[in-house]
Amino acid sequence: MGEIFDIFQGLANGFQIAFSLTNITFALIGAILGTMVGILPGLGPSATISLLLPLSFKIGSPVTSIIMMAGIFYGAMYGGSTTSILVNIPGEAASVVTCIDGYQMALKGRAGPALGMAAIGSFVAGTIGVLGLTFVAPPLAEFALKFGPPEYFSLTLLGLVMATLLGGDSIIKGLIMIILGLLLGSIGLDPISGAIRFTWGFHMLQEGIDFVTLAMGMFGIGEIFYNLEKVLKAELVTRKISHLWPSLKDWMECRWAIVRGSLIGFLIGILPGGGAVISSLVSYAVEKRVSKNPDEFGKGAIQGVAGPESANNAAASASFIPLLTLGIPGNAAIAMIFAALLIQGVTPGPFLITEKPDVFWGVVASMYIGNIMLLILNLPMVGLWVQLLRVPYSILAPVIVLFCCVGVFSVRNSVFDIWVMGVFGVIGYIFRKVGLEPGPLILAFVLGPILERSIRQALLMSAGSPAIFFTRPISGTLMIGLMLFIAFQVFRNVRKQRQREKA
Amino acid sequence: MAMGSLKRPGPGFLPFILACILIVLSLALIASQWKKGSGKTPFWPGRTWLRPLLGTVAFALYAFLIDLIGFLPTTFIFLVLWMWLIESIAWRQIAAVSIGVTVVLYLIFGYFLEVPLPGGVFS
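Residues numbered from 1 in each chain as written. Chains lettered and ligands numbered in written order. Predicted model: local features only at pLDDT ≥ 70, side-chain atom pairs only at ≥ 80, totals over all residues.

So, about the overall build of chain A. Tallying secondary structure elements over chain A gives 22 helices and two strands in all. Relative to a compact globule of 503 residues, whose C-alpha radius of gyration would be 23 Å, chain A shows 22 Å and is just as compact. Summarising its shape, the C-alpha atoms of chain A cover approximately 65 × 60 × 50 Å along the three principal directions. For chain A, the residues scored as buried account for 59% of the 503 residues in total. (Helix = DSSP H or I, 4+ residues; strand = E, 2+ residues; numbered from the N terminus. Rg over C-alpha atoms; globule rule 2.2 N^0.38 Å. Buried ≥ 20, exposed ≤ 12 C-beta atoms within 10 Å, placed from the backbone.)

Right, here's the structure in full:
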C-alpha cells in the first residue's frame, strides 16, 4: 500500500511542478511544435527534437526542457494523422497506415469523423499510456536496482537487436547501422582506461563526436537533402471539414479499437526497440483480423484510423518507461531525449525516480496536461493547422537547414561543427538513398558507452568468462529471450524467402 | 591501442570485435545483393542528383562565408540562393521570406538566446 501512496504523492508533487508558469508554457510550446511537425510531411519528431537540442543548453532546468521535448514527441503523434487523412502522405512515420483508410474516408466526404476519431483515440490512448507510465515505472525502477553490469549488457544488446529486427526490412542493413553507430561512439577517450581512440590526430575529436552534431546532421540535414530529390506537394482532398464529433455509430465501431490500440501500443512501446511506428502497424493488422467485415478495410473503415492512431500515442508515452527507469532509450526520438537529459547533467536510470523525483514526476504530470492541450489543439482547432500544409516545402527546407546551422554553431560557438554536421548530412543522405535507416545508428551511438562499460566491467567481474551473461538469472533470462527472438526472426525470414521462390 | 584479453579487456577490445562483425555483415550484404542480381535502375534516375547537389553546395558556401562576412549577410544570401536555384519561386516572395527569416533567426538566436553569432568583417 505504501508504494501506491508514494506514487500519488509523487504525482501530486509533479503536478505542482508541471503547473508552474514556465513549465506549462514550455509544455504548450512542445505541444504546438509537435502538432506542427506531425502535420508537416518531411519533418519528423526525431529531426525536430535534434533541432532543439542546442536550445536545451540554454533552458536552465532539466524538467522544463524534457517537458518540451516530450511534448514534441507525443504531439507529433496527434498531428501526423491529419496529413495522412487529408493529403494521403504520412505527416510522420507512425501515421503511415492511417493513410489507407483515413484518406478513403476523406474521399467519401467523411474527413471530419476521421480527424475527430483520430484525435479522440490519441487522447484516450495517450492518457492510458501516461497512467501506465505512472504506475509501472516506479516498481520497474526498483526492480532494476538489482541490475549489475551483466544485466545491463544483456538488456542493451536485446534493445539494439530488437530495434533492428523490428524496424527495418533488411536485418543485415540494420545490424550494419548498429555496428557503425557503436564504432562512431567509440571515438575519443576510452571510458575505462582513458586511452585515446580513432582521433587520427584531430584534437577536436578527443571529446568524441558530439551527439547534437551527429543527430542534426543525420536527421535534420540528411532528411532535407533526401527530400530535395522529390517534389513534396501537399494537395488537400477537401477544404471542408465538418462533423468532427463522430456519430454514435462511429463510436460503437471504434471504442474497442481504441482500447485494443492503446494496449498494443503500450506493450510494444515498453519493449526496448519497440515504438510508435511498429505499434501502429500491428494495431492495423489486429483490427483487420478481428473485424466482422474485413473487406471494409482499405475502403474507409474508421477502425483502421482509430486503432493505429491510438496505438502510436500509447506507444509514445510507454517508450518513456525504459528511458526513465532503466536509462535505456528504445528508439531514435527517445535517444534524443536521453541526450538532452545528459546535457542537463541528469543520468537517467533506476535511481532517477528516487534521486531526481522532480524531474520524473514533473515530466509525467506534464504529459497528462499535454494530452489535454493536444486534444484542444487538434479537435476544435484542426482547421487552423490545415493551413500549415499550404506553406511550401521549398520555403521550409532552407529554413530548417539554417536552424540546424545556427543551432549546432551555438553549442560551442564553432564553425567547425557546422562543417562536421554537413558531412554527416551528406552521409545521412546517402544512407537513406541506399536504404540504410539512420535510426538504429543513432540509438547505437547513444547506447555504445553503456554497452562497452558493462561488457568490460562484467568480464572483469567474472575473470574473463563470458558465461557470466548466462548464469545470472536476470541476465540469463534476457539472453535466452534474445536468442529466441533471433531464432524466430530467422525462421520467419527463411519461410518468407521459400514462399517467394515458390511464387 | 591495446586489445587486452577476455580477462582484462582493453580499449581496443570492443572496436576489434565490432570490426570483425562488420566485415562479416558487409560480406553477407554484398553476397545477398549479388545473388539478387544487379538492378537496372540507376542510382540517380533522371536529374534527381541535381537538387541535393545544389543543396550541398549552398550548405558548404554558408559554412565558408559565415566566418568571412558574418551571420546576417550570409544567411540572407543563402536563403536567396537556395530559393532561386533549387526552387523556382517568385522574386517578390524570395525577397520577403529571405528578409523575414534572417531577422527572425537573428532575434531568436542572437537576441533572446544571446549566441555570439559571427559578425565577420562588419564586427
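Still more to cover.
With that settled, the discussion passes to the overall build of chain B. In terms of helices and strands, chain B carries four helices and zero strands. Ordered by position from N to C terminus, the α and β elements of chain B give α-α-α-α. Within chain B, the fraction of its 123 residues that count as buried is 22%. Restricting the contact set of chain B to residue pairs at least 6 apart, pairs at least 24 apart contribute 43%. (Contact = placed C-beta atoms within 7 Å.)

All right, on to unusual backbone geometry then. Residue and element names in this part refer to chain A. The backbone of Asn88 shows a phi angle near 70°, a positive value even though the residue is not glycine. Secondary-structure assignment places Asn88 in the loop between helix H4 (62–87) and helix H5 (98–107). The phi angle at Asn413 is positive, at roughly 50°, despite the residue not being glycine. One can find Asn413 in the loop between helix H18 (393–412) and helix H19 (415–433).

What follows is about the packing of helix H10 (residues 248–270) of chain A against helix H12 (residues 303–318) of chain A. Packed helices, taken two at a time, are described by the angle their axes make and the gap between the axes. All names here are of chain A. At a minimum axis separation of 7 Å, H10 and H12 run at an interaxial angle of 30°. One way to sum up the angle between H10 and H12 is to call them roughly parallel. Crossing geometry of H10 relative to H12 is assigned as right-handed. Its residues placed into classes, the contact of H10 with H12 shows 14 nonpolar, ten polar and two charged. (Axes fitted to C-alpha atoms, helices over the stretch in contact; angles between N-to-C directions. Parallel < 35°, antiparallel > 145°, perpendicular 65-115°, else oblique. Left-handed = near helix turned anticlockwise from the far one by under 90°. Nonpolar A, V, L, I, M, F, W, Y, C, P; charged D, E, K, R; others polar.)

This paragraph deals with the packing of helix H3 (residues 71–86) of chain B against helix H4 (residues 91–112) of chain B. Residues and elements named next belong to chain B. Remark: H3 packs on H4, axes separated minimally by 9 Å, with the N-to-C direction vectors making an angle of 145°. The two elements H3 and H4 cross, and the hand of that crossing is right-handed. Mapping the contact onto sequence places Leu72, Thr75, Phe76, Leu79, Val80, Met83 and Trp84 in H3 and Ile94, Val97, Ser98, Val101, Thr102, Leu105 and Tyr106 in H4. In the contact of H3 with H4, the residues fall into eleven nonpolar, three polar and no charged.

Here we come to the interface of chain B and chain A. Between chain B and chain A, the residue contacts involve 45 residues of the former and 39 residues of the latter. The element best represented in the side of chain B that touches chain A is helix H1 (residues 13–36) of chain B, accounting for eleven residues. When grouped by side-chain class, the residues that make up the side of chain B that touches chain A number 33 nonpolar, eight polar and four charged.

A separate point is H4(A). All names here are of chain A. Compared with an ideal rise of 1.5 Å per residue, which puts 26 residues at 38 Å, H4 spans 37 Å between its outermost C-alpha atoms and is within 8% of the ideal. At Ala76, H4 shows its largest kink, close to 30°. Most of H4 is tucked away: 26 of the 26 residues are buried. (Expected span 1.5 Å × (residues − 1). Bend = angle between axes of the 7 residues up to and from the residue.)

All names here are of chain A. Turning to its location among the elements, Pro449 is positioned in helix H20 (residues 438–461). Judged by the 16 C-beta atoms lying within 10 Å of it, Pro449 is partly exposed. Sequence spacing of Pro449 and Asp190 is 259 residues, and the spatial spacing of their C-alpha atoms is 9.0 Å.

Moving on, we come to H12(A). Residues that lie three or four places apart on an α-helix share one face, since the helix turns once every 3.6 residues. With 16 residues, H12(A) ought to run about 22 Å at 1.5 Å a step, and its terminal C-alpha atoms sit 22 Å apart, in line with that. Extensive coverage of H12(A) is indicated by the burial of 16 of its 16 residues.

Once that is clear, we can look at the nonpolar core. Formed by 189 residues in total, the largest nonpolar core has its most connected members in A:Ile66, A:Met69, A:Ala114, A:Ala215, A:Met336, A:Ile337 and A:Cys404. Examining the composition of this core, we find that 16 residues originate from one element, helix H6 (residues 111–144) of chain A, more than from any other. Counting contributing residues per domain, this core is built from domain 1 (1–39) and domain 2 (50–122) of chain B, each supplying no fewer than three. Once residues lying within four places of it in the same chain are set aside, the contact partners of A:Ile66 are A:Ile337, A:Ala340, A:Leu341, A:Val359 and A:Val363. (Core = buried A, V, L, I, M, F, W, Y, C linked by C-beta atoms within 7 Å. Domains from an automatic or database assignment.)

Below, the discussion takes up the environment of A:Val423. With respect to the helices, strands and loops of the structure, A:Val423 is situated in helix H19. Remark: the alpha-carbon pair of A:Val423 and A:Ile468, spanning 45 residues in sequence, is separated by 41 Å.

Geometric values such as these leave the question of function open.
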